[in-house]
Amino acid sequence: MSSYLDQLNPVQRQAAENTDGPVLVVAGPGSGKTRVLTFRIAHLIEKGVPPWEILSLTFTNKAAKEMQERIEKVVGDKARNVWSGTFHSIFARILRVEADKIGYSPNFTIYDTEDTKSVLGAIIKEMNLDKTVYNVNTIRSRISSAKSSLITPRLYAENEELKMQDRQAKMPYISEIYLKYGERCKRAGAMDFDDLLYRLYELWQKNPDVLEKYRKRFKYLMVDEFQDTNTLQYGIIRKLVHFEGSPRNICVVGDDAQSIYAFRGATIQNILDFEKDFSPYGIKVFKLEENYRSTEHIVQAANEVIRFNKRQIQKKIWSSKGNGQKIKVIKTMSDAEEGKRVGDTIVEQRNRFHLSNSDIAVLYRTNAQSRVMEEYLRRYNIPYRVFGGLSFYQRKEVKDLIAYLRLAINPRDEEALRRVINFPKRGIGDSTVDKISEMGGQQNLTMWEVLLHVDAATRTQKSIQEFIKIVQESGQKAETLNAYEAAMYIAKQSKLIEEYNQDKTVEGLGRLENLNALLDGIKSFVEDDEFETAAEQQNKSLGSYLQNIALLTDMDDESKQTGDYVTLMSVHSAKGLEFKSVFVVGLEEKLFPSFMSMDTPDGLDEERRLFYVAITRAEQFLTLTFAMSRYKFGQMQYNEMSRFIEEIPRDHLESTSALRSGFSADYEPTPSKSGGTSGVSGAFKPRPSSANAAPKIDPALFKPSPSEQIKIGSKVLHLKFGEGKVLNIDGGKDNRIATIFFEAADDEKEKRIMLKFAKLQIVE
DNA sequence: GAAGTGATGTTTTTT
DNA sequence: ACATCACTTC
């Protein structure tokens, strides 16, 4: 049973076998790092290390799950006892156990970004600050990075540099807001994402005995995507393994070239520090440079592009998969046309290379770009799924019900309370809510506690009593019933179902459907034991369910991962994934690289790493597109081609004509006198790909033009051969024969066609 | 307190 | 383009 190690190349194998002492694995894209981590863990277990002494940290639930499954394949059920999960989920689990030591209940709520912003908004309002100056997003990110740098509100207030920055930004009160925010979260029994890290650090800092317990428990530590860790995360890791007498069994895997989360505090300094911190203890460094994912043109393009970055760990990835296809570049006049051309190309690739939809991904810099893409994929009848953006759990109606569920578990949860205290409407208006909130602020009480004692006008008072009753009864049900039964009860008692039932509009029906989907989800949580791992001693309570979903993102939506769909997602979300064919769209200056980061060298480098991540997702086909104009804020913007395309040596590109001309690959465009039609709304004319395969022209949209109008230079559409350009016309008046060049034809691209009989539609 | 209307800013990425 | 939010009116 030792054969599993034979599946690794020599370097991978060494990285997997050197289980004792510190190890740094620098792993290029597609170099099999997950494989190394999996086999490493499997190897440990085979050697007799108890699975529960192994801690494996990743960034996404998806990566964690994949890892778990792959270990299971090698070592079987024992894999279930490995502590494997995201930083946030593992730390939350520990914090629930130790909650009392830091003044929290094990039932603490996790505030998501929206909750956080809402709390901040309330504080700003109460402090009578101008919220156009005190922008919640800015403040949230400042507080977040403070926490990630271990700066408490107090340290913040004493930090001259921060104070000066705040004064310059005309927001001198940020440190006060930070302080209040912390108090409020604590009072509400809530932690935000950063707290899950920060509070654990603090817990270990203040309670050496607790830290000791975990040092003993986790004998082997593994960290994936180490380049994305922030200072705080590394701090926690260090506490766990970097101490006097520790065997320092830690393995971190990362790639500085794929560090794309600097904006939320990640720093590749951690990689450098790691090397420094552990070098006295015999650190071993392995570099995985063979890329098993992509063909040579793609890999080399990636290498060349990343060379434009200043600092980096010396590393050059290579592929033994052969040259493969060159990278295709498509230039279009507008974002709409970009959508069309991507649609075209997808159809073509499916036909010519027998790709499934699920082999294909469209990646973009900003989620907003999905709109246009979706519109055109829909027109082409190409099935797709959009990942990212707001997840199922972030939809209004879903959040509404979840807010009631959260209140049942933790009535001090202020954000949940605010959300539903008057929804469905029960006569507790804004002014009442503000009053309650203010009283809470003054007396250091939560809104819930204020509610319990409030004296208000009798009518309002009655409504409040009603609300209190719902929450209290919900709480009782949550204790006695399982998650599903409790949720059903709450959904009915709160009148949420009734409320959405009354809305008979299309959206209303969708909302009701979503509510039911949520309830179904809870049901399967109760029935399904897939979630159960011995390590987390799951039960089926409502509280347990809420803990489970609090850290889920849209990427974890399983229903989206099955079936034959083209994937649409941001480049950030695509990290760690791979597809046979990848489209990177919107490659324009100010979009990719983003205008937000292109002014600073560091920002630009990060954008370039992001581009590096994007192109290295592709196994065989890589298509880069850019549009000369696109709508932004409802206004037309004119853009230039991204510098990143120019940074790819031309010999990796399929045709360079796209870089010059307005039209695709192989022929020059014909300037049209009647003003450009391409892309600007108007009729939609698909451009089929292959003459042999069934062309994907919708006959309903095909309108043959009178043959007299066809001239040399016309661009025409043929039902079978697709789009072509008229190169020549000869023959007499009634027997005119056109020589037409069809780009998409497989065999002879130039065809001679009798205009009298042919059905051709003039495109321009 | 609810419901309707006009002004305003927003979009970089996510656990 | 779109949503959110302040403001008005009932």
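Residues numbered from 1 in each chain as written. Chains lettered and ligands numbered in written order. Predicted model: local features only at pLDDT ≥ 70, side-chain atom pairs only at ≥ 80, totals over all residues. Heavy atoms only, no water.

A.B. asks: I'm lost on the overall build of chain A in this one. Help?
C.D. replies: The helix and strand tally for chain A stands at 29 helices and 23 strands. Counting over 764 residues, chain A shows a buried share of 55%. About 34100 Å² of surface is accessible on chain A, with carbon and sulfur atoms providing 50% of the total. (Helix = DSSP H or I, 4+ residues; strand = E, 2+ residues; numbered from the N terminus. Buried < 20%, exposed > 50% of the residue type's maximum accessible area, 1.4 Å probe, protein only. Areas by Shrake-Rupley, 256 points an atom, 1.4 Å probe, with all protein chains shown as cover.)

A.B. asks: Just to check I follow, could you spell out the protein's contact with DNA strand C for this structure?
C.D. replies: Near DNA strand C, the surroundings consist of Lys 131, Arg 371, Phe 633 and Gly 634. By atom count, sugar and phosphate contribute 62% of the portion of DNA strand C lying within 4 Å of the protein. Per-class residue counts for the surface near DNA strand C are one nonpolar, one polar and two charged. (Near = heavy atom within 4 Å. Nonpolar A, V, L, I, M, F, W, Y, C, P; charged D, E, K, R; others polar.)

A.B. asks: What am I meant to see in the confidence of the model for chain A here?
C.D. replies: When pLDDT is low, close inspection of the predicted coordinates is not appropriate. Mean pLDDT over chain A works out to 85, with 88% of the residues at or above the 70 mark. Per-element confidence in chain A is highest for strand S15 (residues 579-584), whose mean pLDDT is 97, and lowest for helix H29 (residues 657-660), whose mean pLDDT is 65. Confidence over residues 531-537 falls short of pLDDT 50; this stretch has 14 contacts with residues more than four positions distant or in other chains. A low-confidence stretch, residues 661-696 (pLDDT under 50), is modelled with 83 contacts involving residues beyond four sequence positions or located in other chains. (pLDDT = per-residue confidence, 0-100. Contact = heavy atoms within 4.5 Å.)

A.B. asks: Before we go on, may I ask you to explain the protein's contact with DNA strand B in this structure?
C.D. replies: Around DNA strand B, 29 residues are found, and the nearest of them are Arg 365, Ser 431, Thr 432, Thr 553 and Met 596. In the interface set of DNA strand B, defined as its atoms within 4 Å of the protein, sugar plus phosphate atoms amount to 55%. Within the side chain of Ser 431, one N or O atom sits 2.3 Å away from a phosphate oxygen of DNA strand B. Between a phosphate oxygen of DNA strand B and a side-chain N or O atom of Ser 573, the distance comes to 3.1 Å. Grouping the amino acids of the surface near DNA strand B by side-chain chemistry returns eight nonpolar, 16 polar and five charged. (Polar contact = N/O pair within 3.5 Å; in protein donor to acceptor, adjacent residues only side chain to side chain.)

A.B. asks: Any chance you could explain the packing of aromatic side chains here in plain terms?
C.D. replies: The geometry of an aromatic ring pair is captured by the separation of the ring centres together with the interplanar angle, meaning the angle of the planes. What the rule picks out here adds up to 19 aromatic pairs. With a centroid separation of 5.8 Å and 75° between ring planes, the pair formed by Tyr 156 and Tyr 178 is classed as edge-to-face. Of this pair, Tyr 156 sits in helix H7 (residues 153-158) while Tyr 178 sits in helix H9 (residues 174-187), placing them 22 residues apart in sequence. We classify Tyr 156 as buried; its relative accessible area is 1%. (Phe/Tyr/Trp six-rings, centres within 6.5 Å; stacked < 30°, edge-to-face > 60°.)

A.B. asks: What exactly am I supposed to notice about the packing of helix H2 (residues 33-46) against helix H3 (residues 61-75) here?
C.D. replies: To describe two helices that pack against each other, one gives the angle between their axes and the distance between the axes. Running from amino to carboxyl end, H2 crosses H3 at an angle of 45°, the nearest separation of the two axes being 9 Å. Classified by the interaxial angle, the pair formed by H2 and H3 is oblique. Pair H2 / H3 crosses with right-handed handedness. Where H2 abuts H3, its residues Thr 34, Arg 35, Leu 37, Thr 38, Phe 39, Ile 41, Ala 42, Ile 45 and Glu 46 lie against Glu 66, Met 67, Arg 70, Ile 71, Val 74 and Val 75. For the contact of H2 with H3, the residue count by class is nine nonpolar, two polar and four charged. (Axes fitted to C-alpha atoms, helices over the stretch in contact; angles between N-to-C directions. Parallel < 35°, antiparallel > 145°, perpendicular 65-115°, else oblique. Left-handed = near helix turned anticlockwise from the far one by under 90°.)

A.B. asks: What am I meant to see in the pattern of salt bridges here?
C.D. replies: Where side chains of opposite charge bring their charged atoms close, a pairing between them can arise. Under the definition given, this model contains 49 salt bridges. With a closest N to O distance of 3.8 Å, Glu 414 and Arg 187 form a salt bridge. Residue Glu 414 is located in helix H18 (residues 414-420), and its partner Arg 187 is located in helix H9; the two are separated by 227 residues in the primary sequence. We note a salt bridge from Lys 310 to Asp 602, for which the minimum N-O separation is 3.4 Å. Here Lys 310 is found in the loop between helix H14 (296-306) and strand S10 (318-319), whereas its partner Asp 602 is found in helix H27 (residues 601-615), with 292 residues between them in sequence. Through salt bridges with shared partners, one network takes in Lys 33, Asp 224, Glu 225, Asp 228 and Lys 575. (Salt bridge = Lys/Arg side-chain N within 4 Å of Asp/Glu carboxyl O.)

A.B. asks: Would you take a moment to explain the sheet that holds strand S8 (residues 284-288) for this structure?
C.D. replies: Sheet strands associate in pairs through backbone hydrogen bonding, adopting either a parallel or an antiparallel arrangement. The six strands lie next to each other as S3-S2-S6-S7-S1-S8, forming an open sheet whose pairing is parallel. Edge positions in the open sheet fall to strand S3 (83-86) and S8, since each of these has one partner strand only. Strand after strand, the sheet turns through a mean of 15° between neighbouring axes, direction not considered. Pairing geometry for strand S6 (residues 220-223) and strand S7 (residues 250-254), over three bridges, is parallel. Paired with Leu 221 across the two strands is Ile 250, which belongs to S7. The strands touched by H2 are strand S1 (23-27), strand S2 (54-58), S6, S7 and S8; relative to S6, the strand with the most contacts, the crossing angle is about 170°. (Pairing = 2+ DSSP bridges.)

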